[in-house]
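Structural overview
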Amino acid sequence: MAMLTRHHRIVAVCVLALIFLTGCIVGRVSADQPHMQAALDHLRAAKEELNKADEDKGGHRAKAVRLVTDAIVQVEKGIEFARNH
């Protein structure tokens, strides 16, 4: 029984450490490029809204989804480039 309790404590410490490190990484990602991160958040929200819209828009909605997806990729690449240079 004592071994099980010790095991649970080890698992709990590991989970808490992982949560802490994830928070640090997320904070760093958004802090180093605040405008690019804001743009990325807005683009992701726009994509969600476009995906919720009715599909019959003469192909324009589908094209907008593709273009927003491409924009998301470019912003992500820009953030990554800035981190490495």
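This text goes with the structure placed above it.
The rules behind the values
- Each chain has its residues counted from 1, running along the sequence as written.
- The predicted origin of the model limits local features to residues at a pLDDT of at least 70 and limits the giving and counting of side-chain atom pairs to 80 or more, whereas totals for whole chains, interfaces and linings rest on all residues.
- Values shown for side chains rest on all heavy atoms present in the structure; no hydrogens or waters enter the calculation.
- Orientation is described by axes fitted as lines to C-alpha atoms, over the contacting stretch for helices, and by angles from 0 to 180 degrees between their N-to-C directions.
- Numbering goes from the N terminus for both helices and strands, where a helix is a DSSP run of H or I of at least four residues and a strand is a run of E of at least two.
- Geometric relationships in this document are graded by angle, where less than 35 degrees denotes roughly parallel, more than 145 denotes roughly antiparallel, 65 to 115 denotes roughly perpendicular, and other angles denote oblique.
- Each helix crossing is assigned a hand: it is left-handed if the near helix lies turned anticlockwise from the far helix by less than a right angle, otherwise right-handed if that turn is clockwise.
- The contact rule is simple, with two residues in contact once any of their heavy atoms fall within 4.5 Å.
- In the scheme used here, Gly and all other residues not listed as nonpolar or charged are polar, with Ala, Val, Leu, Ile, Met, Phe, Trp, Tyr, Cys and Pro taken as nonpolar and Asp, Glu, Lys and Arg as charged.
- The criterion is simple. A nonpolar core is a set of buried Ala, Val, Leu, Ile, Met, Phe, Trp, Tyr and Cys residues joined through side-chain atoms within 4.5 Å.
- Residue burial is assigned from relative accessible area. The probe radius is 1.4 Å, only protein chains are included, and a residue is buried under 20% of its type maximum, exposed over 50%, and partly exposed in between.

1. Describing the packing of helix H2 (residues 34-52) against helix H3 (residues 60-84)
- Remark: H2 packs on H3, axes separated minimally by 9 Å, with the N-to-C direction vectors making an angle of 160°. One way to sum up the angle between H2 and H3 is to call them roughly antiparallel. The handedness of the crossing between H2 and H3 is left-handed. Here H2 contributes Met-36, Gln-37, Leu-40, Leu-43, Arg-44, Lys-47, Leu-50 and Asn-51 to the contact with H3, which in turn contributes Arg-61, Ala-64, Val-65, Val-68, Thr-69, Ala-71, Ile-72, Val-75, Glu-76, Gly-78 and Ile-79.
- Of the residues contributing to the contact of H2 with H3, the split by class is eleven nonpolar, four polar and four charged.

2. Observations concerning the nonpolar core
- By size, the foremost hydrophobic cluster in this structure holds six residues: Leu-40, Leu-43, Val-68, Ile-72, Val-75 and Ile-79.
- Sorting the residues of this core by element identifies H2 and H3 as the ones contributing at least two each.
- Leave out the neighbours within four places in its chain, and Leu-40 touches Ile-72, Val-75, Glu-76 and Ile-79.

By themselves these figures say nothing about function.
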